[in-house]
Structures are given as C-alpha cells and as structure tokens.
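Residues per chain, in single letters:
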Amino acid sequence: MSPDVIPEAQAAPALADPAEKTGRAHSRARAARRRRIVVTASRVLLLVAVLGLWEVLSRAEVIDPFNFSMPSKIWDQIWTWVTHGTALGSLGEQIWYTLYEALLGWVVGVVAGVVFGIALGRITLLADVLGPYIKVLNSIPRIVLAPIFVIWFGLGPASKVASAVVLVFFPVFFNAFQGAREVDRNLVANARILGASDRRVTLQVVIPSATSWIFTSLHVSFGFALIGAIVGEYIGATKGIGLLVAQSQGTFNAAGVYAAMVILAVVALLAEGLLTFAERRIFRWKPTTSDS
C-alpha cells in the first residue's frame, strides 16, 4: 500500500450533520424532561405514602394518636390558625415576626461572615492571631447561648436576632475563608502585574472568585437563621412561631407542634427556592451539565 494513501479507517471524520446535532439536542431535552417528571412524581408519591400510612396507623391506634397526632388533625390546626388566628394574633403576624428575626439575623451573620472570612483569608497574620479564638468559639454549642441572649437583650426580637447571627456566622465565615484561600494565584499575580492595589485585587478578583463558595453556605445558613429565631422564641418571646410551638407543647397539643413545623418547612423551602433562583441568575455564565 502506497504511503500516500490514507486508509479509510484513519481518515479524518466528516463534520457532523447539523440536523443530527439538533436531533441529539432534542433527545437530551426530552430525556431531561422525562427525568424531572419521574423525580417529581416519585417525590409526591413518597409524601402521599408516608402521610397516608401515618393517618392509617393513627386511626387504627397502632401508634398513639395523642402523642403522634395525625395528618388530618395537623391540617385542621393549620386551617384553624389561618381562618381564626392564634391565641397570639393572626398566623400571618406570627410568621412575619419569626421571618423578620431570621432574615435580620441572616443578613447580619452573612455580612459578618463574609467580611471576616475574606479578611482572614487574605491576611495571613490576622488568620494566625484570630484562628485559635475562631476555633474555640465554633466549638461552643451555640444553641445554649440563646438563654444568655434572652437575659442580655430581653424577650424582644434582639435576642432572637443574636441567636440567628451566631448560627449563621460560622458556616459563612469558613466558606468565605476557604474561597479566599482557593483563589487562583495566577489571577492575583496578573492583577498585580497590571498595577492593581490590594483593595482592587480583593474586590475584583478574590471576592468574585469566592462567590460560589459563599453561595454554597447561604443555602444552609438561612435554615440555621430560622433555627436560631425559633429557639429564641421557644425560650422566651411575646409572639412568633417558636412561641406557638411552646404553647402547643404546654397544652399537649401535638397537632399544633407539627402544624408549626409544617409552616416553618414551607417558609424554609420558599427561601431555598429564592436563593437557588438568585444563584442561577448570578452564575448564568457557568456551564450546566445535562441530565444523564
């Protein structure tokens, strides 16, 4: 065989037909839609199965309906709160009070965590000095601080905001710190070669690079903010979902306790959805992986 002749098997592959590429893209899109439908249906079926089994076992008194209640009674309790209000006032007022405390604590905790995390991640001397103190404070069970905050700040929102702040701060801090440490050193070096000051490097290189790390912590930290607000209200408050839980427990109203938990779960899911939407809008430039 002449060396000038290229075997057909070794020849460069022909360019793919545009119609074939379009067909593959449509097939992947259909597969992704089918998978989303299957996942959603499975979730709904699992929830219906768990609630149905719970209802049946409670009505049959296989499990104690007084202690465990049942989904129908929980729904009745939520409906009563929605239509007739609670002993503390309207349900919307209780939700807003708790949400206000959680949101304020979340914002303060996130800002403080990002500022301290970026600062310690950028300034090695500061990290060496404050590192041991950060570790000691992180080792303290922060839930036990809630009674102290009630003593310090009273029964108003301030004590609940403080509880939310200490729960939010540390996950955000460690993610921001790690994000600042993981910045591509070549980017920093190139920025310095171009004459960027430390402030410009931090604002235009370090913080944007650490944003994905920070957003990862935001999904978890808002749930922590709700926990801080609820625990503070449970210990001592004038209104809020946590106080509803405490009153329901005090009157042995298991349906009321579960109803408050359901309301909190809905609030947390809505907040998670908003954070996910914001993250997708901010990181639109990132390539997305197609469902397999």
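Worth saying up front: this structure is predicted, and the values here are computed from it rather than measured. (Residues numbered from 1 in each chain as written. Predicted model: local features only at pLDDT ≥ 70, side-chain atom pairs only at ≥ 80, totals over all residues. Heavy atoms only, no water.)

K.L.:
When you look at the overall build of the protein in this model, what are you seeing that I'm missing?
P.N.:
Scanning the protein for helices and strands turns up 11 helices and 0 strands. Mapped from its N terminus to its C terminus, the protein presents α and β elements in the order α-α-α-α-α-α-α-α-α-α-α. Within the protein, the fraction of its 292 residues that count as buried is 34%. For the protein, the share of sequence-separated contacts (at least 6 apart) that also reach a separation of at least 24 residues comes to 74%. In the form shown here, the protein has an accessible surface area of approximately 18,200 Å², with 68% of it arising from carbon and sulfur atoms. (Helix = DSSP H or I, 4+ residues; strand = E, 2+ residues; numbered from the N terminus. Buried < 20%, exposed > 50% of the residue type's maximum accessible area, 1.4 Å probe, protein only. Contact = heavy atoms within 4.5 Å. Areas by Shrake-Rupley, 256 points an atom, 1.4 Å probe, with all protein chains shown as cover.)

K.L.:
Explain the nonpolar core to me, please; I cannot follow it from the model alone.
P.N.:
Grouped burial of nonpolar side chains is what soluble globular proteins tend to show. In terms of nonpolar packing, the biggest core is built from 21 residues, with Trp106, Val110 and Leu218 touching the most fellow members. Of all the secondary-structure elements, those providing two or more residues to this core are helix H4 (91-122), helix H7 (157-181), helix H9 (198-235) and helix H11 (254-282). By residue number, the principal contributor to this core is H9, which donates 8 residues. Of all hydrophobic cores here, the second largest spans 13 residues; its members include Ile230, Leu244, Val245 and Ile263. (Core = buried A, V, L, I, M, F, W, Y, C linked by side-chain atoms within 4.5 Å.)

K.L.:
Explain the packing of H4 against helix H5 (residues 124-139) to me, please; I cannot follow it from the model alone.
P.N.:
Two quantities define a packed helix pair, namely the angle between the axes and the distance from one axis to the other. At their nearest, the axes of H4 and H5 sit 6 Å apart, and the two run at 125 degrees to each other. Comparing their axes, H5 and H4 come out oblique. Of H5, the residues touching H4 (which contributes Ala119, Leu120 and Arg122) are Thr124, Leu126, Ala127, Leu130 and Ile134. (Axes fitted to C-alpha atoms, helices over the stretch in contact; angles between N-to-C directions. Parallel < 35°, antiparallel > 145°, perpendicular 65-115°, else oblique.)

K.L.:
Even after reading the chapter, I still don't get a nonpolar patch on the surface, so can you show me in this structure?
P.N.:
Taken together, Trp96, Tyr100, Leu103, Leu104 and Val108 make up a surface patch of nonpolar side chains, about 450 Å² in accessible area. Checked against the element boundaries, tyrosine 100 lands in helix H4. (Patch = residues over 30% accessible without salt bridge, like charges linked within 9 Å, V, L, I, M, F, W, Y side chains within 5 Å. Salt bridge = Lys/Arg side-chain N within 4 Å of Asp/Glu carboxyl O.)

K.L.:
Honestly, unusual backbone geometry in this entry has me stumped. Any pointers?
P.N.:
Trans is the prevailing form of peptide bonds, just as negative phi is the prevailing case for residues other than glycine. Although it is not a glycine, glutamate 61 adopts a positive phi angle of roughly 60 degrees. Residue classification places glutamate 61 among the exposed positions, given a relative accessible area of 63%. For serine 69, which is not glycine, the phi torsion reads 55 degrees and is therefore positive.

Scope: geometric values only; no functional claims are made or implied.
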